[in-house]
Amino acid sequence: AQKVTQAQTEISVVEKEDVTLDCVYETRDTTYYLFWYKQPPSGELVFLIRRNSFDEQNEISGRYSWNFQKSTSSFNFTITASQVVDSAVYFCALSENRDDKIIFGKGTRLHILP
Amino acid sequence: GAGVSQSPRYKVAKRGQDVALRCDPISGHVSLFWYQQALGQGPEFLTYFQNEAQLDKSGLPSDRFFAERPEGSVSTLKIQRTQQEDSAVYLCASSQGQGGTMRISNTGELFFGEGSRLTVL
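Residues numbered from 1 in each chain as written. Chains lettered and ligands numbered in written order. Predicted model: local features only at pLDDT ≥ 70, side-chain atom pairs only at ≥ 80, totals over all residues. Heavy atoms only, no water.

A. Layout of the side chain of Thr108(A). All names here are of chain A. Topologically, Thr-108 is positioned in strand E12 (residues 108-113). Among the polar contacts listed, one links the side chain of Thr-108 to the backbone oxygen of Gln-8, at a separation of 2.6 Å. Every residue in contact with Thr-108, bar those within four places of it in the chain, is listed here: Gln-6, Gln-8, Thr-9, Ile-11, Leu-21, Ala-88, Val-89 and Tyr-90. (Helix = DSSP H or I, 4+ residues; strand = E, 2+ residues; numbered from the N terminus. Polar contact = N/O pair within 3.5 Å; in protein donor to acceptor, adjacent residues only side chain to side chain. Contact = heavy atoms within 4.5 Å.)

Rendered as structure tokens:
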């Protein structure tokens, strides 16, 4: 069965610090897809990134970067030089190749303090 | 419309009442999902439509929950005889995904509405 674990329930850092959000996943499929979504206070989930299981290259997009390690079944998300606007709940998610259902972790609430 | 629209944004129901939650997906989007998000939790999958066909309803928690999308656009999630444990935010999401290379798995992008917050007293 597929499962996503985000062990950090809540993190607080001071603005401009770097912060890493952890994500560990479980799946029996060899082909699968990993996602990160952001949920700001307005409640609307915003897509950030998708990786497929065959592409272990790390990705950087501005202040955001993602580290995908199949050996440890992890897909961690780092925000560099955090800003107050980064405050939100961040969800890691997984989809197996067999269907289009996306399974979400419980989320990490990130507070960036001014 | 410009985005996924859900109504009502807030609904208070007395235990035992029936409720209906509406989702207007992005025009032309083939796939539509419903998720339930309890307070402090991640979204939990309820059901999935491709056009008017309900392809997966494995996440519906009981037979009190029913979803439809009769014309392949607007969808309604109905909850009969609401219980307190049904209190949650119900999120609707849509995607262009329609199988093949346009599957969610390949594009990754679900467009979510702001949700309907249901409180059952």
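B. Molecular detail of the interface of chain A and chain B. Across the boundary between the two partners, chain A contributes 22 residues, which contact 24 residues of chain B. Summed over both sides, the interface of chain A with chain B buries roughly 1900 Å², with 47% coming from carbon and sulfur. Contact with chain B buries surface across chain A, with Leu45(A), Asp100(A) and Lys101(A) losing the most and accounting together for 31% of the total. At the junction of chain A and chain B, the tally comes to one salt bridge. A salt bridge links Asp56(B) to Lys101(A); its shortest N-O distance comes to 3.8 Å. The tally of links between chain A and chain B comes to five residue pairs in polar contact (both at pLDDT 80 or more). Considering each element in turn, the side of chain A that touches chain B owes the most residues, four residues, to strand E5 (residues 32-39) of chain A. (Buried area = accessible area lost by both parts, 1.4 Å probe. Salt bridge = Lys/Arg side-chain N within 4 Å of Asp/Glu carboxyl O.)

C. Main features of the packing of aromatic side chains. Scanning all chains against the criterion turns up 20 aromatic pairs over all chains. Taken together, a centroid distance of 5.0 Å and an interplanar angle of 5° make the contact between Trp66(A) and Phe77(A) stacked. Within this pair, whereas Trp66(A) is found in strand E8 (residues 64-69), its partner Phe77(A) is found in strand E9 (residues 74-79), the two being separated by 11 residues in sequence. With a relative accessible area of 4%, Trp66(A) lands in the buried category. Given the relative accessible area of 0%, Phe77(A) is considered buried. Each member of the aromatic cluster is reached from another via a ring pair, and the members are Phe35(A), Tyr37(A), Phe47(A), Phe91(A), Phe104(A), Phe33(B), Tyr35(B), Phe45(B), Tyr48(B) and Phe112(B). (Phe/Tyr/Trp six-rings, centres within 6.5 Å; stacked < 30°, edge-to-face > 60°. Buried < 20%, exposed > 50% of the residue type's maximum accessible area, 1.4 Å probe, protein only.)

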